[in-house]
Amino acid sequence: MIIWVNGAFGSGKTTLVDELHRRWPAALVYDPEQIGYVLRGIVEVPTGNFQDLRLWRRQVAGMAVGLLEEYARPILVPMTLANPRYVAEIFGALEEAGATVHHFFLKVPSEVLARRIDARSVTPHDPERDEAVRQWCKAQIEQCVAAADALPADTIFLDGERPCQELADEVLTRVGVGVAP
């Protein structure tokens, strides 16, 4: 089983997955962004977004399938997917491989996303890089928020402004996992 937590940058995907993992330690946490970092170190990313690399999308699906096959444990995935074609490509490959995917999308108003992004620091030792990352994330807000309208019909939408513990309760209930808080 794959629990994919989608949403705009700043929506709380990683925080929710961290809480799910705390409650469900048997699950593996798989962050496809790591594959993007590896690829970016090997090849040029002309658009600046490694999701535009076909190889990234193939590797994301392949790694998830491999983790399921090798470890037979549930997988928690915090990853923004805003391009409907990429969602269809990745989820299609997962389903073709027999993986059960539970797709959640954290809905958060744009102004809240911008505030959250401004409040975080990814590279505190490099303020210029930190600011560039924040600006890139904020530039993606509109596309990510609009993506909600084009997601698969079985996507479960969650109010990303609710407390993380409540969101985790709902996710675990919806996927049929009885884990104590």
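Residues numbered from 1 in each chain as written. Predicted model: local features only at pLDDT ≥ 70, side-chain atom pairs only at ≥ 80, totals over all residues. Heavy atoms only, no water.

Caption draft 1: Region of the structure containing unusual backbone geometry. Here Ala-72, not a glycine, exhibits a phi torsion of approximately 45°, which is positive. Its location among the elements puts Ala-72 in the loop between helix 3 (54–71) and strand 3 (75–78). (Helix = DSSP H or I, 4+ residues; strand = E, 2+ residues; numbered from the N terminus.)

Caption draft 2: Summary view of the packing of helix 2 (residues 33–42) against helix 3. Look at helix 2 against helix 3: their axes get within 10 Å of each other, and the N-to-C directions meet at 140°. Taken together, helix 2 and helix 3 sit at an angle that is classed as oblique. Crossing hand, helix 2 versus helix 3: right-handed. Within the contact between the two elements, helix 2 uses Ile-35, Gly-36 and Leu-39 and helix 3 uses Leu-55, Trp-56, Gln-59, Val-60 and Met-63. Of the residues that constitute the contact of helix 2 with helix 3, the class distribution is six nonpolar, two polar and no charged. (Axes fitted to C-alpha atoms, helices over the stretch in contact; angles between N-to-C directions. Parallel < 35°, antiparallel > 145°, perpendicular 65-115°, else oblique. Left-handed = near helix turned anticlockwise from the far one by under 90°. Contact = heavy atoms within 4.5 Å. Nonpolar A, V, L, I, M, F, W, Y, C, P; charged D, E, K, R; others polar.)

Caption draft 3: Just the packing of aromatic side chains, in detail. This model, assessed by the stated rule, comprises five aromatic pairs. Pairing Trp-4 with Phe-91 gives two aromatic rings, centres 5.2 Å apart and planes at 70°, and the pair type is edge-to-face. On the criterion of sequence distance, the pair formed by Trp-4 in strand 1 (residues 2–7) and Phe-91 in helix 4 (residues 84–96) is long-range, its members being 87 residues apart. Accessibility expressed as a relative area gives 0% for Trp-4, which makes it buried. Assessed through its relative accessible area of 6%, Phe-91 is described here as buried. Centre to centre, the rings of Phe-105 and Phe-157 are 5.9 Å apart; their planes meet at 65°, and the pair counts as edge-to-face. In this pair, Phe-105 is assigned in strand 4 (residues 101–107) and Phe-157 in strand 5 (residues 156–159), connecting sequence segments 52 residues apart. Since its relative accessible area comes to 4%, Phe-105 is described here as buried. Under the relative-accessibility criterion, Phe-157 is labelled partly exposed at 36%. These aromatic residues form a ring-pair network of at least three members: Tyr-37, Phe-50 and Trp-56. Its end group placed over the ring of Tyr-86, Arg-57 keeps NZ or CZ at 4.1 Å from the ring centre. (Phe/Tyr/Trp six-rings, centres within 6.5 Å; stacked < 30°, edge-to-face > 60°. Buried < 20%, exposed > 50% of the residue type's maximum accessible area, 1.4 Å probe, protein only. Lys NZ or Arg CZ within 6 Å of the ring centre and 35° of its normal.)

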